[in-house]
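# Examination of the molecular architecture
Single-letter residue listing:
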Amino acid sequence: MTVTAPKGFRAAGVTAGLKASGNPDLALVVNDGPSKAAAAVFTSNRVAAAPVHWSRQVVSDGRVDAVILNSGGANACTGPQGFQNTHTTAEKTAEALGLSATDVFVCSTGLIGEQLPMDKIVPGIDAAAAALSTDGGPDAATAIMTTDSVSKQAVFTGADAGGNEFTIGGIAKGAGMLAPGLATMLVVLTTDADVQPEMLDLVLRDATRVTFDRADSDGCMSTNDTVVLMASGASTAVPSAETFGQGLTQVCAELARKLIGDAEGASHDIAIRTFNAATERDAETVSRAVARSNLFKAAIFGKDPNWGRVLSAVGTTDAAFEPDQLNVSMNGIQICQNGGIGQDRKLVDLEPREVLVEIDLQAGDAEATIWTNDLTHDYVHENSAYSS
């Protein structure tokens, strides 16, 4: 049931007619309380979509009553009319649910630079409100898909110090333009734990930093990236920040991996782990540099364990290391040792979907992993035809 697994939430996913395919394209998630606490993180792209600007204002007081999401149109770079369309979406949703528009969070995803068909969205909102159900999480997950091939959902159950159980649920969409700064594409997280907005904000930022922030499919940051977390308090469980944060991080990590696993045209899922770094920032910087190397990604697509492309990317960073002390392994075979030739690269098996690249900087004890995918013919084809 994903976002409706926690108590106090209803959701729906309907077809409003935004997609030529006729697939579901409008989702609604409602927090019935008793608490309406919320937090969110957004894209750091300076060219942000109208719903991002609106939703930043909505969540600024730590309260969100409902989230309305459409796929089939990003409503980005659409000027004053685009912002008015977002405002209208919030107002119509609030009207249908008996809420205040200032407590309605709005998300959009799809093609940039086109106005939303409000003549379809407005009646679609009524249809979504009528379809709300405590079993509606999977429908909502489907309705936010664009180029995704499968919906992304995750659930975690834990307990507070008194043994009271709480649940965290989540849905996500994203298959391309995955290179976030604070978030990745569209993610809705819910919990029935009794958690205040200040803690929600803290744990959400901690969780996204080590999960969604480290899912880097293609180095391209969206204008619409949003992760919103709502707490209903319906379970009465009051977990500590550590307990709740561990559960939230687990849900976010599962969703982030599913985003990478469904990346447009990908044939390999690649984990790039940099360890023995002087700082966590160094480790992340090195892993991300390799993840964004088209030469490296093309080599993995060709099942070529070309460790020279890894070292070339590492060398562009400002991380602390000595070139003659770098070690690189692929799927357990150390093919580069102390900056030079290691084991025979022919021993590396790149047939499996999962690829693990490990980079030893021999400069400290910090580490970080970035998840990415290979660069394929299908990726180029899909993105060359996306708007047509």
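Heads up: these notes are all about the structure in this document. Within any chain, residue numbers begin from 1 and follow the written order of that chain's sequence. Local features in a predicted model are, by the rule used here, given only for residues with pLDDT of at least 70; side-chain atom pairs are given and counted only at 80 or more, and totals for whole chains, interfaces and linings are based on all residues. Hydrogens and waters are ignored; side-chain quantities use all the structure's heavy atoms.

## Quick notes on helix α8 (residues 294-301)
Residue burial is assigned from relative accessible area. The probe radius is 1.4 Å, only protein chains are included, and a residue is buried under 20% of its type maximum, exposed over 50%, and partly exposed in between. Secondary structure elements are taken from DSSP: a helix is a run of H or I of four residues or more, a strand is a run of E of two residues or more, and numbering for both begins at the N terminus. Within the sequence span of α8, burial applies to Phe-296, Lys-297, Ala-299 and Ile-300. For α8, the angular spread of the buried residues around the axis is 155°, confining them to a single face. Among the structural elements, β10 (269-277), α7 (280-291), α9 (307-314), β11 (327-330), β14 (354-360) and β15 (366-373) are those in contact with the buried residues of α8. Two residues or fewer after α8 comes Lys-303, characterised by a positive phi angle close to 60°. The directions from the helix axis to the C-beta atoms are what the arc is built from. Contacts are residue-level and defined by heavy atoms, with any inter-residue pair within 4.5 Å sufficient.

## Points about the sheet that holds strand β4 (residues 66-71)
Two strands pair if DSSP finds at least two bridges between them. In space, the 4 strands of this open sheet follow the order β1-β2-β4-β5, with mixed pairing throughout. Either end of the sheet is taken by a strand with one partner, and the two such strands are β1 (9-14) and β5 (104-109). Within this sheet the neighbouring strands show an average axis-to-axis angle of 10°, counted without direction. As paired elements, β1 and strand β2 (residues 26-31) share 6 bridges and run antiparallel to each other. Bridging from a neighbouring strand, Gly-13 pairs with Ala-27 of β2. In this description, a line fitted to the C-alpha atoms serves as the axis of each element, helices being fitted only across the stretch in contact, and the angle between N-to-C directions of two axes falls anywhere from 0 to 180 degrees. Sheet strands in contact with helix α3 (residues 118-131) are β1, β2 and β4, and its direction is about 135° off that of β1.

## A look at the environment of Asp-32
Tracing the backbone through its elements, the reader meets Asp-32 in the loop between β2 and β3 (37-42). Under the relative-accessibility criterion, Asp-32 is labelled partly exposed at 40%. Distance from Asp-32 to Phe-9, taken between C-alpha atoms, is 5.8 Å for residues 23 residues apart in sequence. Asp-32 has contacts with Gly-8 and Arg-10, leaving out every residue within four places of it along the chain. Polar contacts here mean pairs of N or O atoms no more than 3.5 Å apart (in protein, one a potential hydrogen donor and the other a potential acceptor; neighbouring residues in sequence count only if both atoms are side-chain atoms). A polar contact is formed between the side chain of Asp-32 and the side chain of Arg-10, at a distance of 2.8 Å.

## Examining unusual backbone geometry
Between Gly-33 and Pro-34 the backbone carries a cis peptide bond, its omega angle lying at 20°. Along the polypeptide, Pro-34 turns up in the loop between β2 and β3. Backbone geometry places Thr-236, a non-glycine residue, at a positive phi of 70°. Structurally, Thr-236 can be placed in the loop between β9 (226-231) and α6 (241-261). On the accessibility criterion, Thr-236 (56% relative accessible area) is exposed. A positive phi angle, close to 60°, is found at Lys-303, a residue other than glycine. Here Lys-303 is to be found in the loop between α8 and α9.

## Here we look at the sheet that holds strand β6 (residues 152-159)
An order of β3-β9-β8-β7-β6 is seen for the 5 strands of this open sheet, with the pairing classed as mixed. Single-partner strands in this sheet number two, and they are β3 and β6. Direction aside, the axes of adjacent strands within the sheet are offset by 10° on average. Two elements, strand β7 (residues 165-173) and strand β8 (residues 186-191), share 6 bridges in a ladder whose sense is antiparallel.

## Regarding the pairing of β6
Only one face of β6 is buried, namely the one carrying Lys-152, Ala-154, Phe-156 and Gly-158, since none of Gln-153, Val-155, Thr-157 and Ala-159 on the opposite face is buried. Across 8 bridges, the pairing between β6 and β7 is antiparallel. Its bridge partner lying in β7, Thr-157 is registered against Thr-167. Between β6 and β7, which pair antiparallel and follow one another directly, the connecting turn spans 5 residues, one of which, Gly-163, has a positive phi of 90°.

## Section: the pattern of salt bridges
A pair is scored as a salt bridge if a Lys or Arg side-chain nitrogen falls within 4 Å of a carboxyl oxygen belonging to Asp or Glu. Enumeration over the complete set of coordinates arrives at 18 salt bridges. In this structure, Glu-284 and Arg-214 form a salt bridge, with 3.5 Å as the shortest nitrogen-oxygen distance. Here Arg-214 lies in the loop between α5 (197-209) and β9 and Glu-284 lies in helix α7, a separation of 70 residues in the sequence. In this structure, Glu-284 and Arg-214 share a single accessibility class: buried.

Honestly, that's just the spatial picture; any functional story needs more than this.
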